[in-house]
Amino acid sequence: MPLALLALAVGAFGIGTTEFVIMGLLPEVADDLHVSIPTAGHLVSAYALGVVIGAPLLAAMTARLSRRTVLIGLMALFVAGNALSAFAANYDYLLAARFLSGLPHGAFFGVGAVVATTMVAPERKARSVSLMFLGLTVANIVGVPAATLMGQHLGWRATFLGVSVIGVAAIASLALLIPHDHAHAPKVGLRGELAALRSLPVWLALGTTVAGFGALFSAYSYITPMLTDAAGFAEGSVTLLLALFGVGATAGNLLGGRLADHSMRGTLFGGLISLAAILALFPLLMTTEWTAALAVVLLGMAAFVTGSPLQLMVMEKASAGPSLASSANQAAFNLANAGGAWIGGLALAAGFGATSPALAGAVLAVLGLGVAATAATVDRRRAVPGRERVVATHVPEQAGALHS
């Protein structure tokens, strides 16, 4: 694997840290800016809105630019957003800065996934994407807890300054490690990228992402009350358990990348079936502490096994212009976050019990499986060969360039 993938992983680590750390710092932010915690919670929504809007918009605006230049520019925008967050004079400025911080998120992962697959042999494309996503999952194990502690002891502004430093390190890594050989401006341009989005298989792939990861977030958004009310954990233990989720997600991400290189669709189906089964068993697994801890790990594994194949499926179906579709898939992840949390909340509000969001998630996973099966049927009816790997949009001219 080329060292350039490390640069993408560093950027993903910074993005993953800033996305999730705000959840642990809401009390500090609310107290400092004199707003309620529910009002401070809108900072989470502002970031997610930035991702959903920024992913397709920035990918479209930069369709004809060098992908290397685009990645560096996106990370510069990320640094600016986090630096402005650190120096925000009041809540409204912080809300705007969080929206700005979210804008480059989806486009970075979308364009980064395309770049990652152009730097490796065809049989390693899924693994290349999983190694970029590794930065995101490791952020949940190391970055978020460390940044939360920093914010609690040095103030929440110090956290965003620290994340800005990670962004600067990512810019330096991208500039040094992403080869110019893979940075030529794409030939398809915006018209070709938009044409790729008119494909039914692309939308079915995006629908699978929304349903599949909606299943995860339906449960994960309410994992704390499940662990405390159903499994009997003390609130102080939740942080460690969430780190276990990050461990499971990291293992699932790496496993999914390896398996998807052998069978992309088989890995996706297997991951969704596993996710549905684990979520359906949550009421049973949440009855004791050790089975609850196991459930958290398995939830992370099953969900993130599907990450690489979902990203690759979108890119494969939009192989003539993959950057915009790949970025749109990141917007779909965030729609899944918001929609899954909403559906899980409905189950709780209906009085179905602390583990009911997981059962709602199991239904969403089955729905995702149905969408994926529909996509497979459409492929067969269109007589499209069942390719199991992404078609590269740029083939390195020299093998040595892979290890630049």
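Criteria and cut-off values
- Residues numbered from 1 in each chain as written.
- Predicted model: local features only at pLDDT ≥ 70, side-chain atom pairs only at ≥ 80, totals over all residues.
- Heavy atoms only, no water.
- Core = buried A, V, L, I, M, F, W, Y, C linked by side-chain atoms within 4.5 Å.
- Buried < 20%, exposed > 50% of the residue type's maximum accessible area, 1.4 Å probe, protein only.
- Contact = heavy atoms within 4.5 Å.
- Salt bridge = Lys/Arg side-chain N within 4 Å of Asp/Glu carboxyl O.
- Helix = DSSP H or I, 4+ residues; strand = E, 2+ residues; numbered from the N terminus.
- Axes fitted to C-alpha atoms, helices over the stretch in contact; angles between N-to-C directions.
- Left-handed = near helix turned anticlockwise from the far one by under 90°.
- Nonpolar A, V, L, I, M, F, W, Y, C, P; charged D, E, K, R; others polar.
- 1 Å grid on protein atoms, 1.4 Å probe; cavity = no way out; pocket = protein on both sides within 12 Å on 5 of 7 lines; lining within 4 Å.
- Points joined across faces, edges and corners; volume = space filled by probe spheres on them.

A. Expanded view of the nonpolar core. Among the nonpolar cores identified, the biggest contains 93 residues, and Leu8, Leu216, Phe282 and Met286 are the most heavily contacted of them. The residues touching Leu216, leaving out its near neighbours within four places in the chain, are Phe245, Leu275, Leu299, Ala303 and Phe304. If you look at the next biggest cluster of nonpolar residues, it comprises 16 residues, including Ile22, Val29, Ala40 and Tyr91.

B. Structural detail: the pattern of salt bridges. As enumerated under the stated definition, the model contains 4 salt bridges in all. Here Arg157 ties to Asp32 by a salt bridge, and the two come within 3.7 Å at their closest N and O atoms. On the criterion of sequence distance, the pair formed by Arg157 in helix α7 (residues 156-177) and Asp32 in helix α1 (residues 4-33) is long-range, its members being 125 residues apart.

C. Representation of the packing of helix α15 (residues 307-317) against helix α16 (residues 322-349) within the structure. Where α15 contacts α16, the two axes come as close as 8 Å, and the packing angle between them is 145°. As α15 packs across α16, the resulting crossing turns out to be right-handed. Across the interface between the two elements, Leu310, Gln311, Val314 and Met315 of α15 pack against Pro322, Ala325, Ser326, Asn329, Gln330 and Phe333 of α16. Per-class residue counts for the contact of α15 with α16 are 6 nonpolar, 4 polar and no charged.

D. Structural view of the layout of surface pockets. Estimated volume of the largest pocket: approximately 890 Å³. Lining the largest pocket we find 28 residues, and of these Phe20, Met23, Gly24, Tyr220 and Leu242 sit closest to its centre. Per-class residue counts for the lining of the largest pocket are 17 nonpolar, 10 polar and 1 charged.

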